[in-house]
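Residue-level listing of the chains:
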Amino acid sequence: MAQPKRILGIDPGSRKAGFGIIESGHYHPTYVSSGVIRVEKFSGAERLKNIFESVMQIIDQYQPEVMAIEKVFVYKNPSSAITLGQARGVILCAAALKNLPIMEYTPTQIKSTIAGQGHATKDQVQFMVKNLLKLTESPQEDAADALAAALCHDRYWTLGIDPEKISKRTRF
């Protein structure tokens, strides 16, 4: 059996980014911490700097062994996609500077792994995260999405599945 592993999940955002840390435990992951990095009051480069510094601090504090992050999907508004891409870029840079392996999952992969369907609602994801981690209350929306990314990676890792080689229609 594989040794437990600390996983940092990230739900990237340009105004707020969720983070969630779990300890993998062979089908029984445990909750460590979660929260939201809020940078609404900053603008431009200052916002990106704060996201970067916050992620570096989270990595230093919790010492994860891997980061699971949501892949960018195409927005209807190209400007929003660029802004999200910048925020995601500083998050990836922070992980790379800490030599933290990065695993990327699509929103559909995360939702189908956690809630059983790729188009699950935010409420359904929150409900499943709460139940899978045996929490007394639902985490904040962005933190729940980050925890869902961590749980998704935990499931793939525990089962020995390479996320790059899996079909969109695969269910487990």
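Numbering of residues begins from 1 in every chain and follows the order in which that chain's sequence is written. Reporting of local features is limited, given that this is a predicted model, to residues whose pLDDT is at least 70; pairs of side-chain atoms are given and counted only at 80 or more, and all residues count toward the totals for whole chains, interfaces and linings. Only hydrogens and water are set aside; all other atoms, that is, all heavy atoms of the structure, feed into the side-chain values.

## Looking at the nonpolar core
Core analysis: the largest hydrophobic core is formed by 21 residues, its most contacted members being Leu 8, Val 55 and Met 67. Within the residue set of this core, elements represented by two or more residues are β1 (6-11), β2 (16-23), α1 (44-62), β4 (66-70) and α2 (78-97). The leading source of residues in this core is α1, at six residues. For Val 55, the contacting residues outside a window of four places in its chain are Ile 37, Met 67, Ile 91 and Ala 94. Nine residue types can take part in a nonpolar core, namely buried Ala, Val, Leu, Ile, Met, Phe, Trp, Tyr and Cys, and a core is a set of them joined through side-chain atoms within 4.5 Å. The buried label applies to any residue whose accessible area, calculated with a 1.4 Å probe on protein chains only, is under 20% of its type's maximum; exposed applies above 50%, and partly exposed to all values in between. Counting 19 residues, the second largest nonpolar core, distinct from the first, contains Ile 7, Ile 22, Tyr 105 and Tyr 156. We count a stretch as a helix when DSSP gives it H or I for four or more residues in a row; a strand needs E for two or more, and each element gets its number in order from the N terminus. Pairs of residues are marked as contacts when any of their non-hydrogen atoms sit within 4.5 Å.

## A short note on the pattern of salt bridges
Salt bridge criterion: a side-chain nitrogen from Lys or Arg within 4 Å of a carboxyl oxygen from Asp or Glu. Per the stated rule, a full pass over the model turns up seven salt bridges. Two residues, Asp 142 and Lys 16, come together in a salt bridge whose shortest N-O distance is 3.4 Å. Of this pair, Asp 142 sits in helix α5 (residues 141-159) while Lys 16 sits in strand β2, placing them 126 residues apart in sequence. A residue is classified by how much of its surface remains accessible, and Lys 16, at 34% relative accessible area, is partly exposed. Where Arg 88 meets Glu 104, a salt bridge forms, and the shortest distance between an N and an O atom there is 2.1 Å. Here Arg 88, found in helix α2, pairs with Glu 104, found in strand β5 (residues 102-105); they are 16 residues apart in sequence, far enough to count as distant.

## Let's talk about unusual backbone geometry
The backbone of Gln 63 shows a phi angle near 50°, a positive value even though the residue is not glycine. Assignment of secondary structure puts Gln 63 in the loop between α1 and β4. For Gln 63, a relative accessible area of 52% puts it in the exposed group. Even without glycine at this site, Asn 99 takes up a positive phi of about 55°. Here Asn 99 is to be found in the loop between α2 and β5.

## Observations regarding the environment of Cys 93
By the element assignment, Cys 93 lies in helix α2. Between the C-alpha atoms of Cys 93 and Phe 52, which are 41 residues apart in sequence, the distance is 7.9 Å.

## Overview of the sheet that holds β4
With mixed pairing, five strands are arranged side by side in an open sheet as β3-β2-β1-β4-β5. Looking at strand neighbours, the two that pair on one side only are β3 (30-38) and β5, the edges of this open sheet. Here the strands of the sheet are splayed against their neighbours by 20° on average, with no regard to which way each runs. Here the rule is simple: two strands pair whenever DSSP picks up at least two bridges between them. Note: β1 against β2, six bridges, orientation antiparallel. By the bridge assignment for β2, Ile 10 is matched with Phe 19. Lines fitted to C-alpha atoms define the axes here, with helix axes fitted over just the stretch in contact, and angles between the N-to-C directions of these axes take values from 0 to 180 degrees. Where α1 meets the sheet, it contacts β1, β2, β3 and β4, and its direction lies at approximately 160° from that of β3. Contacting β4 and β5, helix α3 (residues 107-115) runs over the sheet at an angle of about 85° to β5.

## Let's talk about the side chain of Asp 154
Mapped onto the fold, Asp 154 is located in helix α5. Here Asp 154 sits buried without a salt bridge, and the closest side chain of opposite charge, Arg 155, lies 5.8 Å off (N-O distance). In protein, a polar contact means a hydrogen-donor-capable atom and an acceptor-capable atom, both N or O and within 3.5 Å, with residues adjacent in sequence counting only if both atoms are side-chain atoms; elsewhere, any N or O pair within 3.5 Å suffices. At 2.3 Å, the side chain of Asp 154 forms a polar contact with the side chain of Ser 24. Once residues lying within four places of it in the same chain are set aside, the contact partners of Asp 154 are Ile 7, Ile 22, Ser 24, Gly 25 and Pro 29. Positive charges come from Lys and Arg, negative ones from Asp and Glu, while His and the chain ends are left out of the count.

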